[in-house]
Each structure stands twice: as structure tokens, then as C-alpha cells.
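A closer look at the structure
Read off the chains here:
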Amino acid sequence: MKRENRIISIVLVVMMLFSFIPTAYIASEGSVLEPSNCFTYEVRKSDAEEWGVITGYTGSETEIVIPNQIDGYVVKEIGEDAFAGTEVVQITFPETIEKIGANAFDCCAALTEINVPSQLNELEDYVFNNCFQLKSLEIHSEIKEIGSRCFYNCDSLTEIVIPNGVWRIKDSAFESCNELIKVEIPDTVTVIESFAFYGCSKLSDYTIPDSIKEIGSYAFANIMAAAEHELFISTNIEYIGSDAFYGNDGLVSVTFQEGVNVISSAFAYCSNLKKVTIPLSVVRIDSHALHGTGLEKVYYSGTCAEWSEIEILTYNDDLEDALIYCSDGYYGVDESVGDIEGSR
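Residues numbered from 1 in each chain as written. Predicted model: local features only at pLDDT ≥ 70, side-chain atom pairs only at ≥ 80, totals over all residues. Heavy atoms only, no water.

**Some thoughts on the sheet that holds strand E18 (residues 229-233)**
To keep it simple, the criterion reads: Pairs of strands are assigned from DSSP output, requiring at least two bridges between the strands. Only runs of H or I of at least four residues qualify as helices and only runs of E of at least two qualify as strands under DSSP, and these elements are numbered from the N terminus. Comment: axis = line fitted to C-alpha atoms, over the contacting stretch for helices; angle = value between 0 and 180 degrees taken between N-to-C directions.
In spatial order, the strands read E18-E20-E22-E24-E26-E27; together these six strands make up an open sheet with mixed pairing. Every other strand in the sheet has two partners, leaving E18 and strand E27 (329-331) as the edge strands with one partner each. The mean inter-strand angle of the sheet, taken between neighbouring strand axes irrespective of direction, is 15 degrees. Both strand E26 (residues 323-326) and E27 contribute to a ladder of three bridges, which runs antiparallel. Of the residues in E27, the one forming a bridge with Tyr 325 is Tyr 330.

Printed below as a string of C-alpha cells:
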């Protein structure tokens, strides 16, 4: 009897000891996973501190909670390629995360939901590239730029709010997000690089803020949204790359503000673009600028004589066929009043 009591006492003590062992996280099905068993990591250091960087995942769970500490080190980074190609469905970050490295979740085809920690200040290239099922995303204001191909081919994203503080959207950041309908771009953004929203076929709700200085080639090209969209080009824009809006079928009107000097070859084959407003400050319209648009009416703030001084380069047949309204008359045929031409 005494021996049995002693065995029971030992078992109870062991059970109590295990109940006080801290856990790294508890997965959705209740299984306990220790950091040393399910994450690989490395330690980085500066003059002032040391911190942990998650470099890989060796567990089998699909809903993952990243610990805020691992073996005593505060986890501040997710390293390059750390979860690339895994079957993760949901990821929860601690508020200690400040950086997510390149390709960290590349080709996580099952990933549907993430929480972006508020302290995150670096979102590098290819982070969520080819995450086809990613539906829910909120980006916080500590981030300064969206990395190249960061959300490339994220087919399930429908809306993105880019926070104040971001100054650059890098090349192909949201390319081929085929279900993306709405993007909010704050007035802190000054650069939208090439192919940033290329092939976002349903994108219809977006505004180019006055803060923008540069729009790269094909940045908003091949958008086939049925919704009509009017675009305003600010005088702050210093550069619009070739074919920046190529084949953007949602565009029905483009207004260039006073101060714009050159209309670049940015709007070719915008098949529904019927109206363009051009200021007196424009001195040149580049080749293919408005080619293939079916343009009907142009509103020019100068006189007919001043319009004739604008250098219009080749392959702008649609512009030549349009009715040009000037301050003192017009060129072409005004169907509303009959076959009348303005002074030339």
C-alpha cells in the first residue's frame, strides 16, 4: 500500500511540474509546440542588442503563431525564404516583428490570412509572391515602401489600403492581382514603379494623388475593369513611363493640369478613352500617346493658333480625328452643330 501511494505521489509531482512549463504557442487543435522543435532561427546583434530571426519552420501545423521570444531572444525578424512553399494557412505575428525578409512566404499557395504587426517597418521583395488564396491584409503605417513583387499574383485580394508613410510602391508590387478592385494610395506616395498594378484586370477604384512624381512603364496597364474611371494628372508628376496606362479599358477621361509640358506615350489602346483635357503648358505630345483610343473630344485651354504650335509626333491618328475645342474655336467636326471647322 505504501509503495502504491509513493508511486501515485511521484506521478502527481511530475504532472504538476509539466503544468508549469511555458509553451511557445498552442496551435488551433491544442497541440503544444516548443520553439526549438518547430522553428529554426539565428541570432543577430548590433552594438546595443541581440535578437532572434526566424529562418525556417519544421512543424506540420497550418495555423502558426510566431513566438515573441525564442530561447530568450526577442524575435524581431522573419528571415528570407523562412516559410516559402509551405502549406501554412494562417499566420499570426507578435508585435515584436519589425522586418519580413524577401521571399519569406513566397508560393504559400494555401495562405489566406495574416496580421501585419504594427511595428513592422520593412516589407521586402517577393514576401507574399504567388500567395493565391491570401484574402485578408492590413498594412500598418510604419512601412515606408512596398517591395518588388511583394503581392504578385495574389488573386484573392480585393482591396488594399496603403498607409500614410509609404513613399514608394516598387515594381510589380501588385501585378496580376486579378480580383483587386480598390486601392487607396495616400498622399505620402511619390513613386509608383513599373508594372506596379499591371494586369489587375478588375481594378476600378483608385486615385493618383497629387504627391506622385513618377509613374513607371506599364504601372496601370492592361486593366480591363468595366467601371468608368476618370484620371487627373497633377503638375507634380515629373515622369510618366511609356505605356503606363496601356490598354486600361476603364479610363474614359484624362485631365492634365496646367504645368504639364509633355504628354508621353502612356495611353495607347485605352479603348474607352473618349475625352482628354490638355493645358496651355503642353508643348509636345509623344508618339503613340493617344493611339488606339477612339478619342472623340479634346479640351485645350489655349487658342487654335497655340494648338497648332504643339509638336504632335507620329501614330496619334485618334488625336487628329478628334474634335479639338480651343478657347477661340475648334478643329474638326462638331456633330452637335453640324459640319463646322474652327480657324487653323
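Let's pick the thread back up.
**A short note on the nonpolar core**
The condition that has to hold: Residues grouped as a nonpolar core are buried Ala, Val, Leu, Ile, Met, Phe, Trp, Tyr and Cys residues, joined through side-chain atoms within 4.5 Å. For every residue, the accessible area (1.4 Å probe, protein chains only) is compared with the maximum for its type, and the residue is labelled buried under 20%, exposed over 50%, or partly exposed between those bounds. Here, residues are in contact when the closest pair of their heavy atoms is within 4.5 Å.
The biggest cluster of nonpolar side chains holds 92 residues, and the ones touching the most others in it are Phe 105, Phe 151, Phe 197 and Phe 220. Mapped by element, the contributors of at least two residues to this core are strand E4 (50-57), strand E7 (73-78), E18, strand E20 (251-256), strand E22 (275-278), strand E24 (297-300), helix H3 (304-308) and E26. The biggest single contributor to this core is E20, with three residues. Once residues within four sequence positions are removed from consideration, Phe 105 is found in contact with Ile 78, Phe 83, Ala 84, Ile 91, Phe 93, Ile 100, Leu 111, Val 127, Phe 128, Asn 129 and Cys 131.

**A word on the sheet that holds strand E8 (residues 90-92)**
In sheet architecture, strand pairing relies on hydrogen bonds along the backbone and comes in two forms, parallel and antiparallel. With parallel pairing, three strands are arranged side by side in an open sheet as E5-E8-E10. Two strands close off the open sheet at either side, each with one partner strand: strand E5 (63-65) and strand E10 (113-115). Between one strand and the next, the sheet's axes are offset by a mean angle of 10 degrees, whatever the strand orientation. In this sheet, E10 lies alongside E8 in parallel orientation, the contact comprising three bridges. Within E10, the residue paired with Thr 92 across the bridge is Asn 115.

**Remarks on the packing of aromatic side chains**
Under the convention used in this document: In summary, the pairing rule links any two rings of Phe, Tyr or Trp, Trp by its six-membered ring, whose centres are within 6.5 Å, and it sorts them by plane angle into stacked for under 30 degrees, edge-to-face for over 60 and tilted for everything else. Any Lys NZ or Arg CZ found within 6 Å of a ring centre and within 35 degrees of that ring's normal is scored as a charge over the ring.
Using the criterion set out here, one finds 21 aromatic pairs in the structure. Between the aromatic rings of Phe 195 and Tyr 218, the centroid separation amounts to 5.1 Å while the plane-to-plane angle is 15 degrees, which identifies the pairing as stacked. One end of the pair, Phe 195, is in the loop between strand E16 (191-192) and strand E17 (214-215); the other, Tyr 218, is in the loop between E17 and E18, and 23 residues separate them in sequence. Look at Phe 195 and you get partly exposed, because its relative accessible area is 29%. Among the residues examined, Tyr 218 registers a relative accessible area of 26% and is labelled partly exposed. Over the ring of Tyr 152 we find Arg 149, and its NZ or CZ is 3.7 Å from the ring centre.

**Section: the side chain of Asn 129**
As for its position among the elements, Asn 129 is in the loop between strand E11 (122-123) and strand E12 (145-146). Discounting chain neighbours no more than four positions away, the residues touching Asn 129 are Phe 105, Asp 106, Cys 107, Arg 149, Cys 150 and Tyr 152.

**Here's the deal with unusual backbone geometry**
Here the phi dihedral of Asn 153 falls at roughly 60 degrees; this positive angle occurs in a residue that is not glycine. Of note, Asn 153 is situated in the loop between E12 and strand E13 (159-161). Assessed through its relative accessible area of 16%, Asn 153 is described here as buried. Even without glycine at this site, Asp 243 takes up a positive phi of about 60 degrees. Mapped onto the fold, Asp 243 is located in the loop between strand E19 (239-240) and E20. Since its relative accessible area comes to 17%, Asp 243 is described here as buried.

**Description of the pairing of E22**
A one-sided burial pattern is seen for E22, the buried positions being Val 276 and Ile 278 and the unburied ones Lys 275 and Thr 277. Summarising the sheet, E22 and E24 pair through four bridges and their orientation is parallel. Within E24, the residue paired with Lys 275 across the bridge is Lys 297.

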